[in-house]
Amino acid sequence: MASSTNLSATVGDPSPPATTKLRSLLAACLAHALHDGYTDGLYAFLPVWQAQFGLSYAALALIRALYSGTMGGLQLPANRILRGLPARSALILSTLIASTGLLVVALPFGFAGLCVGLIVAGAGSSIQHPRGSMLVADSYGRASRRPLGIYNFSGDLGKALLPALVAVLLPVLAWRAVLGLMVVLGVAVAIALTALARGAVAVGKAAPGGPSGRRGRGGFGVLTAIGALDTATRMGYLLFLPFLIHGQHGGSPTVGLALGLLFIGGAFGKATCGWLGERLGVVGTVIVTEAATAVLILATLVTPLTQTLILLPLLGVVLNGTSSVLYGTVPELSGADTGRAFAVFYTSVIGSGGVAPILYGAIADHSSQTVGVLAAAATAALIVPLVLALRPHLRGAAA
């Protein structure tokens with residue numbers, strides 16, 4: 001264990017140089033921003049597709065699920081198939097496949113082309129999360145917690161920028177042309193990833209003694225459960241927030257402002273909570289963020305509109321920030337295969353994000369909106385005792 005925390009594919013060089021680490025982090029962040037931007041950017045096309053193909057709302061949900069379901073469901077198989085391929089090469093392949101899928105959607109192949117293209121794009125994006133995380137974890141080794149937080153934050157940048165760009169272009173250009181520009185952006189990112197890979201060590205193949213080959217520490221199942229519950233809390237609260245704002249006499253513009261404030265705080269939380277995890281340790285940080293999440297969710301139930309808007313950025317910090325700490329802990333608890341662990345973790349998180357709103361919505365339908373919000377707060381509070389079970393499996397009280 002002593003000599004092998006950072007993985008390098010080159011013999012005799014246990015730790016990649018700082019420039020190589022930075023190139024690896026930049027490559028992973030670039031791919032993450034693009035693919036998360038693709039994921040959320042597709043929402044802007046739904047009204048256009050509804051009008052173009054005469055789709056119902058249920059059909060639109062199904063169309064959207066072709067992409068998100070493929071992306072979530074193929075992460076484990078994609079990681080298994082590509083485990084022998086260097087992570088940088090996997091990211092380039094991922095980007096090219098996703099861009100090809102969007103190209104199929106953009107071409108005049110009708111409704112069948114739309115469906116096939118979304119499946120292909122989802123398959124491409126399924127590669128990105130586990131392999132990008134693996135690239136960062138293998139490059140930085142034991143010091144990967146903060147870089148993984150930066151990687152996590154880069155996805156939020158993509159979610160903020162690319163959908164906004166699509167929304168600006170759709171009234172000006174035909175939707176197929178806008179998708180074509182997204183394809184061009186994907187090709188440009190693939191070229192940039194190729195340039196970043198030049199002269200760098202081939203990181204991504206598991207080697208004995210590295211993060212992907214270290215002896216398992218256990219506790220990964222608990223960590224995955226915490227990640228799923230954390231995502232469930234976030235998605236559940238987002239389901240009710242627009243209705244909460246309306247109930248406080250806020251209109252549609254205020255709902256947009258509220259979501260913006262929450263997301264701004266969330267992006268800041270993802271960028272900073274990884275650093276906080278290095279100071280307080282995993283257990284301490286998760287306890288603080290989840291307890292604060294539960295308290296602030298409850299507070300937004302009783303505060304008037306202005307105070308709620310003031311609280312939302314702070315709530316966003318703790319609501320989203322925990323995920324950076326959890327992602328950064330995956331390599332530590334992953335056992336013998338870090339790539340597979342990331343794939344399992346992301347699959348669990350994505351699955352929870354899809355199922356949780358349905359469950360919370362059912363709770364609210366059979367009781368009230370307030371009870372649904374209380375259920376989301378209770379989920380965050382449940383994580384506090386659960387995270388204590390991780391303590392014996394971590395390197396120490398502070399990771």
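Everything below is about the structure printed above this text.
Residues numbered from 1 in each chain as written. Predicted model: local features only at pLDDT ≥ 70, side-chain atom pairs only at ≥ 80, totals over all residues. Heavy atoms only, no water.

## Notes on the side chain of T379
Relative to the helices and strands, T379 resides in helix α13 (residues 369–387). When its relative accessible area of 12% is taken as the criterion, T379 is described as buried. (Helix = DSSP H or I, 4+ residues; strand = E, 2+ residues; numbered from the N terminus. Buried < 20%, exposed > 50% of the residue type's maximum accessible area, 1.4 Å probe, protein only.)

## Quick word on the side chain of S126
Along the polypeptide, S126 turns up in helix α6 (residues 110–140). A polar atom in the side chain of S126 sits 2.5 Å from the backbone oxygen of A123. (Polar contact = N/O pair within 3.5 Å; in protein donor to acceptor, adjacent residues only side chain to side chain.)

## Describing the packing of aromatic side chains
As enumerated under the stated definition, the model contains seven aromatic pairs in all. Relative to W49, the ring of F45 has its centre 5.5 Å away and its plane inclined at 20°; by these criteria the two rings are stacked. W49 gets classed as buried once you look at its relative accessible area, which sits at 1%. Pairing Y327 with F345 gives two aromatic rings, centres 5.4 Å apart and planes at 80°, and the pair type is edge-to-face. Taken together, the positions of Y327 in helix α11 (residues 305–333) and F345 in helix α12 (residues 338–365) put the pair 18 residues apart, joining distant regions of the chain. (Phe/Tyr/Trp six-rings, centres within 6.5 Å; stacked < 30°, edge-to-face > 60°.)

## Some remarks on the environment of D36
Counting through the fold element by element, D36 comes out in helix α1 (residues 18–41). Judged by its relative accessible area of 7%, D36 falls in the buried class.

## Some words on the environment of L161
Within the secondary structure, L161 sits in helix α7 (residues 145–169). Linking L161 and L34, residues 127 residues apart in sequence, is a C-alpha distance of 9.6 Å.

## Regarding a nonpolar patch on the surface
A cluster of nonpolar residues, L96, V187 and I191, forms a patch on the protein surface that exposes about 250 Å² of accessible area. Inspection of the secondary structure puts L96 in helix α5 (residues 87–106). Among the residues examined, L96 registers a relative accessible area of 38% and is labelled partly exposed. (Patch = residues over 30% accessible without salt bridge, like charges linked within 9 Å, V, L, I, M, F, W, Y side chains within 5 Å. Areas by Shrake-Rupley, 256 points an atom, 1.4 Å probe, with all protein chains shown as cover. Salt bridge = Lys/Arg side-chain N within 4 Å of Asp/Glu carboxyl O.)

## Describing the nonpolar core
The biggest cluster of nonpolar side chains holds 66 residues, and the ones touching the most others in it are F45, W49 and L179. Counting residues per element, this core draws most heavily on helix α8 (residues 175–197), which supplies nine residues. Mapped onto the domain boundaries, this core takes at least three residues apiece from domain 1 (18–197) and domain 2 (220–398). Look past the residues within four positions of F45 in its chain and what remains in contact with it is V166, L170, W175, V178, L179 and M182. Listed in part, the 25 residues of the second largest apolar core include Y237, L262, I297 and Y360. (Core = buried A, V, L, I, M, F, W, Y, C linked by side-chain atoms within 4.5 Å. Domains from an automatic or database assignment. Contact = heavy atoms within 4.5 Å.)

## Looking at the pattern of salt bridges
Within the structure shown, the criterion is met by three salt bridges. One salt bridge in this structure joins K270 and D156, with 2.8 Å as the shortest N-O distance. Here the residue K270 occupies a position in helix α10 (residues 252–302), and D156 occupies one in helix α7, the gap between them amounting to 114 residues. The exposure classification of K270 matches that of D156, with both residues buried. With its nearest N and O atoms 3.2 Å apart, the salt bridge here joins D230 to R234. Remark: R234 and D230 occur in helix α9 (residues 220–247); sequence separation between them is four residues, near one turn of the helix. What makes D230 buried here is its relative accessible area of 3%.

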